Amino acid sequence: MSAVPVRVATPARARSVVAALGAFPTFVLLLGAAYCLFPVAWVLVAATKSSGELFSTTTFSLGTSLPANLAELGGYRGGVFWRWLANSALYAGVGALLSAALSGVTGYALAKYAFRGRALIFNALIAGVLVPAVVLAIPQYLLMSKVGLTDTYLSVLLPSVVSPYGIYLARVYAAAAVPEDVVEAARTDGAGEARILGSIALPMMVPGLVTVFLFQFVSIWNNFMLPYIMLGDDGKFPVTLGLYTMLKQGNTTPALYTLVVTGSLVSVLPLIALFLTLQRYWRIDLLSGAVKA
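Rules and cut-offs
Residues numbered from 1 in each chain as written. Predicted model: local features only at pLDDT ≥ 70, side-chain atom pairs only at ≥ 80, totals over all residues. Heavy atoms only, no water. Salt bridge = Lys/Arg side-chain N within 4 Å of Asp/Glu carboxyl O. Helix = DSSP H or I, 4+ residues; strand = E, 2+ residues; numbered from the N terminus. Buried < 20%, exposed > 50% of the residue type's maximum accessible area, 1.4 Å probe, protein only. Contact = heavy atoms within 4.5 Å. Phe/Tyr/Trp six-rings, centres within 6.5 Å; stacked < 30°, edge-to-face > 60°. Lys NZ or Arg CZ within 6 Å of the ring centre and 35° of its normal. Expected span 1.5 Å × (residues − 1). Arc of directions from axis to C-beta. Axes fitted to C-alpha atoms, helices over the stretch in contact; angles between N-to-C directions. Parallel < 35°, antiparallel > 145°, perpendicular 65-115°, else oblique. Nonpolar A, V, L, I, M, F, W, Y, C, P; charged D, E, K, R; others polar. Core = buried A, V, L, I, M, F, W, Y, C linked by side-chain atoms within 4.5 Å. 1 Å grid on protein atoms, 1.4 Å probe; cavity = no way out; pocket = protein on both sides within 12 Å on 5 of 7 lines; lining within 4 Å. Points joined across faces, edges and corners; volume = space filled by probe spheres on them.

For the rest of this paragraph, the subject is the pattern of salt bridges. Once the charged atoms of two side chains with opposite charge are near each other, the side chains can pair. Tallying each qualifying case throughout the model produces five salt bridges. Ionic pairing is found between E180 and K112, a salt bridge with its closest N-O pair at 3.5 Å. In this pair, E180 sits in helix α9 (residues 180-188) while K112 sits in helix α4 (residues 80-112), placing the two residues 68 residues apart along the sequence. Look at E180 and you get partly exposed, because its relative accessible area is 39%. With a shortest N-O distance of 3.1 Å, K236 and D233 are connected by a salt bridge.

To continue, consider the side chain of S99. The residue S99 is located in helix α4 in this model. Among the residues examined, S99 registers a relative accessible area of 0% and is labelled buried. Residues contacting S99, with those up to four places away along its chain left out, are S160, V161, S163 and Q216.

Before going further, it helps to examine the packing of aromatic side chains. Aromatic rings considered in pairs are described by the distance between their centres and by the relative angle of their planes. Considering all chains together, one arrives at 11 aromatic pairs under this definition. Here the aromatic residues F122, Y165, Y168 and F215 are joined through ring pairs into a cluster of three or more. The lysine or arginine in question, R171, covers the ring of F122, its NZ or CZ lying 4.5 Å from the ring centre.

All right, on to helix α10 (residues 193-204) then. The terminal C-alpha atoms of α10, which comprises 12 residues, lie 15 Å apart, in line with the 16 Å expected from a rise of 1.5 Å per residue. I196, L197 and A201 are the residues of α10 that are buried. The buried residues of α10 occupy an angular sector of 95 degrees when the element is viewed end-on, so they sit on one face. Counted as exposed and oriented over 90 degrees from the buried face of α10: A194 and R195.

So, on to the packing of α10 against helix α11 (residues 206-221). Interaxial distance between α10 and α11 falls to 5 Å at its minimum, and their mutual angle equals 65 degrees. When the axes of α10 and α11 are compared, the pair comes out roughly perpendicular. Between α10 and α11, the residues in contact are L202, P203 and M204 and V206, P207 and L209, respectively. Of the residues contributing to the contact of α10 with α11, the split by class is six nonpolar, no polar and no charged.

What follows covers helix α3 (residues 66-75). Within α3 the residues assigned to the buried category are N69, L73 and G74. What you see down the axis of α3 is that its buried residues fit within an arc of 130 degrees, all on one side. Across α3 from its buried face, at more than 90 degrees, point the exposed residues P67, A71 and G75. Downstream of α3 by one or two residues, R77 has phi in the positive range, about 50 degrees.

By size, the foremost hydrophobic cluster in this structure holds 35 residues, and its most contacted members are F81, W84, F217 and M246. Elements supplying a minimum of two residues to this core: α4, α7 (153-161), α11, α12 (225-230), α13 (239-249) and α14 (256-292). Ranked by residue count, the leading element in this core is α4, at eight residues. Beyond its immediate stretch of four places on either side in the chain, F217 contacts A92, G93, A96, L271 and L274. Core analysis: the next-biggest nonpolar cluster, separate from the first, contains 12 residues, V183, I196, L197 and A201 among them.

Time to look at empty space enclosed by the protein. A complete count under the given rule lists one cavity of 30 Å³ or more for this structure. If you go around the largest cavity, the residues you meet are S88, Y91, A92, V156, S160, I220, W221, N223, P227 and P238. Counting only elements with at least two residues in the lining of the largest cavity, the list comes to α4, α7 and α11. For the lining of the largest cavity, the element with the highest residue contribution is α4, accounting for three residues. Looking at the lining of the largest cavity, its residues break down into seven nonpolar, three polar and no charged.

Note: most residues except glycine have negative phi, and most peptide bonds are trans. For R77, which is not a glycine, the phi torsion comes out positive at approximately 50 degrees. Take R77: it is sitting in the loop between α3 and α4. Assessed through its relative accessible area of 47%, R77 is described here as partly exposed. Notably, D151 is not glycine yet its phi reads approximately 60 degrees, a positive angle. Residue position: D151 is located in the loop between α6 (133-146) and α7.

Here's what the structure looks like:
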């Protein structure tokens, strides 16, 4: 009975197979990045076109009207767009800052203190993460209506402060980043719980809290349903709701479509700048943490 020859892959062939398999995830990621960046590229190009060019030229043909569009957008209704942008900065900046602070304190308490009902509270937070924000909009409106806060800045700010997902992230990060030995050593040295939290725990949790801040900032900035339900005065509108009202008026005034596209481009720029700034901060903070370790 003759033996069946076994084909052994040569090293060069094995390397080529490994290289092909290694390039496949990169290709998938590049495909996903192109899919996500395509709308941004379209907005960037469309913002350079006049109202006539927007509907008569090809998709990615550049126009020459970007300065004129920006000037027209800034002068629309006495500069109301810049007020909408400032309102968004107020809602997102203050709301994300307070949310990060609350998430840090709550997450640290859930991670480092043993008390009755801790598991129940944490499971409730997990359930809160799974509930879509749109489901809570009507109950939040009814609560704000009871206390007379509808159509005020607080009606948008207060619901944005509590973030179940932010608390969850802070709890996970506190459990990993704040060693028990350090906390116990501080208690042995006579430090109070407030001092341990402010001087030891929170500085160690800064990268995680920056992540919570960024996620919450983007979430509040892009929020549409809550301001839509809570606010009636367009002077308090965030930029998302303001651009929506302009888009609705575009049905009767097609020239506003160009302003909506230009406003969408301008409204994305603060998010890009914030992300790039905080990404650099993460890198510096993680490197300094590695040196200290």
